[in-house]
Amino acid sequence: MSTVSVIGSQIAGGGAQAALPVIGVSKEQIDSTGAANGDQLFRDLPQFGDVAFTQKVVNQGRNQNYARGDVASINLRNIGSQYTLLLVDGRRTVAYPLSGNTPSYNANAIPAFGLDRMDVLLDGAAAVYGSDAIAGVVNLVLPSNLNGGGIEAGYGKAEGTQRSNESINGYWGSDFAGGRGNISVLYGFSHQSAQLNSDQWYTATDRRSISANGDAIPDPNGTAAGLSSNTPWGQFQLVKKNADGAVSTVGQPYYVDITGALKQGALPTSLKYDIARTPGVTQEPQINRGNFFANAHYDLTDSSQLFGELSYYRAKSETWFGSDPNSVLSSTVPNYVYINPNAYWVPAALKTAAANSGATAIRLYNYNLADQPLRKLTDDNSELRVLVGLRGWTDSGWNWETALLYSRSRTVDSQQSGLFNQFVAALNGTTASAYNPFNGGDPAHPSYGDATPSDISGIVGWTTRVGTNTLGLWDFKINRPDAVHWYAGDIGIAAGVELRRETTADDRDPNVDGTIQYTDWYTGNVNSSNVFLTSYSSDIQASRNVKSVFAEVAVPLVSPEMDIPLVKSLDLQIAGRYENYSDAGSVAKPKFAVAWNVDDSLLLRGSVSGGFHAPALELANSGTIWRGGSTLDLIRCNALVRSGAYSQYSSCVTANSGNPAFYPTIDTGTTYDKSRVKPETSKQYSYGFVFEPKFLPEAAGKFSMGIDAWQIKIENPITSLGTTNELLYDAYLRATHQGSNPNVIRVAPTAADAAQFAGSGIDPVGALQYVVTDYVNGQPLTAKGIDYHLSWRKRDTAWGNWSFFVDVSQLRSYSQTPLPELQAVAKAIASGQLVGIVNPATLAAYNQVGLNGAKPQWRGSAALIWNYADWTVRLRDNYIGSVTSAAYSYVAAAAPQKVDSTQLWTLSLRKDFSHDFFKGGYIEIGARNLFNKQPPLDAGGNYLPALYEDYGRYLYFNIGSKW
């Protein structure tokens, strides 16, 4: 008994399958990428877009609210990872557990070595496979029916870096019970060494300088642009309490200079911190990874078969990142901690100044605990999949199949973090064992390190986050390609039911989930998180049940026997699916597709369908999510420009960089209200042609060319204004004297605030305290594009076998009308009511392709594979088009800059041995990024990890044997 894996249709052999734009990525094409993991594989396929989260820690920093470790997202069509469905041998699998509001599958859990092929359906398929299949479907086909085995050892090294990869991969399979059954096993183990920040010049420092063409580039000997104001040299401000209990500052702030002397005034740029330059910081983690996959089947009778799958993936990663700033990220506590003037290490001069001025505390802010320069992060990812099923056929010709599936993904994320209760207690100690923040950093290199470390073993502790997702599924499907016969041929029918149970659990550390809180001794304010740089997050446990019923019909309308001119055949696919979500309601979505064979060589095809996407379980059950960070209080420079203190908005922003009054660290609380937010729905269509000239002589080879245009419209995408846009709207309301944004919460304005706003015509505002915003259903989001495919094969020539493939994906537009609040802001800026905070064109309806360093218009790949006798040569070129950096700068004078396109070549050479002792053996050498191209940098001098890999030429060597 054999089965046929079909993607896009549940009917095996139906003529309407030709209506579906499916890209088949064969094993030889996968091998041509030289990919050592799923992240590298999907980056090399042009139909996939930006990688939203990766194993790189460049943008994840030290915050435990992000997905980290051995992880990479899958983003078909570049519209968001939550709209791509991943199947393994035709059935869905479980999503990565810590991907948050935009769930994704983990590309690195895919055994790239052992894939038999990968089929990519570039069309909406919610009617066939259910929600998540809005952008399309990826079906991983693992090997089965193996007889024999193989083993391969590999080694790879990125030139000029610490990064290397050692691997052992293999497979084995055998028939049993006289051929009635088969078991096939695939396994792989690999070790990836860490890549350090210091390995590449563009990651080795945060220091920036401006080159002649205006680009910002890393420059260890240049200016302090890009450095952090969080520094071990300290920033100390005397404060006192007013009669109303409010805290006010006294005099100018202090800092410690490189001589150890206490100085008064603003922190000089020479003492700003370069965290990336800290020796030992990792750009990418050390990873130990293992994959195991097995499938088996046994023919119970001549018409029934028992089958099953078992797979397990586990990866342990280790990362070292830089020291912690003492950031308090809270909805109620500003970014400060306080020291009692009587604490042991307070300098005598500062004690005297406090006594003479009536100050009752010393505010410590923007301080970095560089005493222990490195912190450790470990991630333990695992994924289990177990499936057992029965399939067969009836005497009347119906194929049937049923299966039970359980899949679980689990991540344990542990890191060393600064703890506030312990830190503040140590700061305020009255003996020599107290923590000393007044001894500065390292005079030899002031921008990193600490020559006078204190013991912080009691201040830095381990915090752990555990995420678990599960998927339980039972389905029953029937199909028959010739269920009904009518004038044009056989009508195929498929139908089925599916029951799913999905669960998610996010177990936060007690220092983060509110169990252990930090209470400020001086103000009495309570911070629900006790961890530096990590906002409060509650534990989440949620589940949903999904009941589905689907039906599909493949209808021939014209057959070749009817001999109609220009219509060799015309086939129609009609599909519909009804789903009932226990937490998101019920929905029914249709799909219609047509395949028109004009003649033997030309096929025209098109489809239209609807989709439905339930919100992520974590999002729908998270309540209010608090997230913090430094932000620009947009109204302040607006007022200073109006009063004439600055001639341009950009001048004000630059002059006040690092000023906590202008750049406070605050929290934003984003609330999801189930009663107000509806699930997302979509409409999509595609149309195109496939040209395979059958009239060419056999000597010309087999040629195929296809072009498909597509559009996806998310009708009510779930979105929110977010921190910056809430502040924009607040600035607009205040500047136009329409009140203020109630979602922006401030303390009462002080005398200093009143002086700052004097003469501006805008009422003074107090310091930002926190921001709240709501998830809402936004305006429609529409993405359009065109896919191009070309292939040519020539077998059994005098010079061997030749294959040539070209795939190009063009994202023509990605547009969304902004929320009404932003439309009002854009009009106010354009009319001059609001001083140029941002270009109003970026707030109006716009095409976002290529903007802000994301979503390039063009991606492409070409591969030439030549096999002659025992030799195989593979040459591949991957192209990523240019994007625009700094398109959304809040400095009106900042011009967007082009990030150049890039081409990366991969070349490999393989020799198979077919004689004597070495029979079955082979060796392979190859190079990814053959010409050692470095990634292009954006306007800030940074490379874009969502688009590019962070290393140059990668050389690899494989040796193996098969039997």
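About the cut-offs
Residues numbered from 1 in each chain as written. Predicted model: local features only at pLDDT ≥ 70, side-chain atom pairs only at ≥ 80, totals over all residues. Heavy atoms only, no water. 1 Å grid on protein atoms, 1.4 Å probe; cavity = no way out; pocket = protein on both sides within 12 Å on 5 of 7 lines; lining within 4 Å. Points joined across faces, edges and corners; volume = space filled by probe spheres on them. Nonpolar A, V, L, I, M, F, W, Y, C, P; charged D, E, K, R; others polar. Helix = DSSP H or I, 4+ residues; strand = E, 2+ residues; numbered from the N terminus. Buried < 20%, exposed > 50% of the residue type's maximum accessible area, 1.4 Å probe, protein only. Contact = heavy atoms within 4.5 Å. Arc of directions from axis to C-beta. Pairing = 2+ DSSP bridges. Expected span 1.5 Å × (residues − 1). Salt bridge = Lys/Arg side-chain N within 4 Å of Asp/Glu carboxyl O. Disulfide = S-S within 2.5 Å.

## Brief notes about empty space enclosed by the protein
Part 1: The final tally for this structure, using the stated rule, is 14 cavities of 30 Å³ or more.
Part 2: The computed volume of the largest cavity comes to approximately 450 Å³.
Part 3: Grouping the constituent residues of the lining of the largest cavity by class yields twelve nonpolar, 13 polar and six charged.

## Re the environment of Leu186
Part 1: Counting through the fold element by element, Leu186 comes out in strand 8 (residues 181-192).
Part 2: On the basis of relative accessibility, which here comes to 5%, the residue Leu186 falls in the buried class.
Part 3: If we ignore the near neighbours within four places in the chain, the residues touching Leu186 are Pro111, Phe113, Gly114, Leu142, Gly170, Tyr171, Asn291, Phe292 and Phe293.

## Some thoughts on the side chain of Thr468
Part 1: When you line up the elements, Thr468 lands in strand 22 (residues 460-486).
Part 2: With a relative accessible area of 18%, Thr468 lands in the buried category.
Part 3: With residues up to four places along the chain from it excluded, the contact list for Thr468 reads Pro97, Arg408, Ser409, Arg410, Thr503, Thr504 and Ala505.

## Focus on helix 4 (residues 348-357)
Each full turn of the α-helix corresponds to 3.6 residues, which orients residues three or four apart in the same direction.
Part 1: By the burial criterion, the buried members of helix 4 are Leu350, Ala353 and Ala354. Buried residues along helix 4 cover an arc of 100° about the axis, so they all sit on one side. Looking at helix 4, the residues exposed on the side facing more than 90 degrees away from the buried face are Ala348, Ala349, Ala355 and Asn356.
Part 2: Elements that come into contact with the buried residues of helix 4 comprise strand 12 (236-241), strand 13 (247-256), strand 14 (262-264) and strand 19 (361-364).
Part 3: Positive phi appears at Gly358, one or two residues downstream of helix 4, with a value of about 85°.

## So, the sheet that holds strand 2 (residues 84-88)
Sheet strands pair via backbone hydrogen bonds, and the direction of the pair is either parallel or antiparallel.
Part 1: Spatially, five strands are ordered 1-4-5-2-3 in an open sheet, and the strand pairing comes out mixed. The open sheet has two edge strands with one neighbour each: strand 1 (22-26) and strand 3 (91-92).
Part 2: As defined by bridge partners, strand 2 adjoins strand 3 across two bridges and the pair is classed as antiparallel. From the neighbouring strand, Val88 faces strand 3, where its bridge partner is Arg91.

## Considering helix 9 (residues 722-735)
Part 1: Given a rise of 1.5 Å per residue, 14 residues ought to cover 20 Å, and the 20 Å separating the end C-alpha atoms of helix 9 matches this to within 8%.
Part 2: Most of helix 9 is tucked away: eleven of the 14 residues are buried.
Part 3: Residues of helix 9 that are buried include every one of Gly722, Asn725, Glu726, Leu727, Leu728, Asp730, Ala731, Tyr732, Leu733, Arg734 and Ala735, and no others.
Part 4: For helix 9, the secondary structure elements touched by its buried residues are helix 7 (634-642), strand 35 (744-746), strand 36 (768-774) and helix 11 (820-831).
Part 5: One or two steps after helix 9, the chain reaches His737, where phi turns positive at roughly 55°.

## As for the pattern of salt bridges
Pairs may arise between side chains of opposite charge once their charged atoms sit close together.
Part 1: Taken as a whole, this structure holds 45 salt bridges when the rule is applied.
Part 2: The partner of Asp39 in a salt bridge is Arg43, with the nearest N and O atoms 2.9 Å apart. Remark: Arg43 and Asp39 occur in helix 2 (residues 38-43); sequence separation between them is four residues, near one turn of the helix.
Part 3: Arg43 sits in the buried class, given a relative accessible area of 12%.
Part 4: The shortest N-O distance in the salt bridge between Arg289 and Asp70 comes to 2.6 Å. You can see Arg289 sitting in strand 16 (residues 286-301) and its partner Asp70 sitting in the loop between helix 2 and strand 2, a full 219 residues away along the chain. The exposure classification of Arg289 matches that of Asp70, with both residues buried.
Part 5: In this structure, a network of salt bridges that share partners links the residues Glu498, Arg500, Glu502, Arg544, Arg577, Glu579 and Asp583.

## Re the state of the cysteines
Part 1: Per the stated rule, a full pass over the model turns up one disulfide.
Part 2: The partner cysteine of Cys637 in its disulfide is Cys652, sulfur to sulfur 2.0 Å. Judged by the sign of its S-S torsion, about -80°, the bond between Cys637 and Cys652 is left-handed. Placement of the pair is Cys637 in helix 7 and Cys652 in helix 8 (residues 649-655), with a sequence separation of 15 residues.

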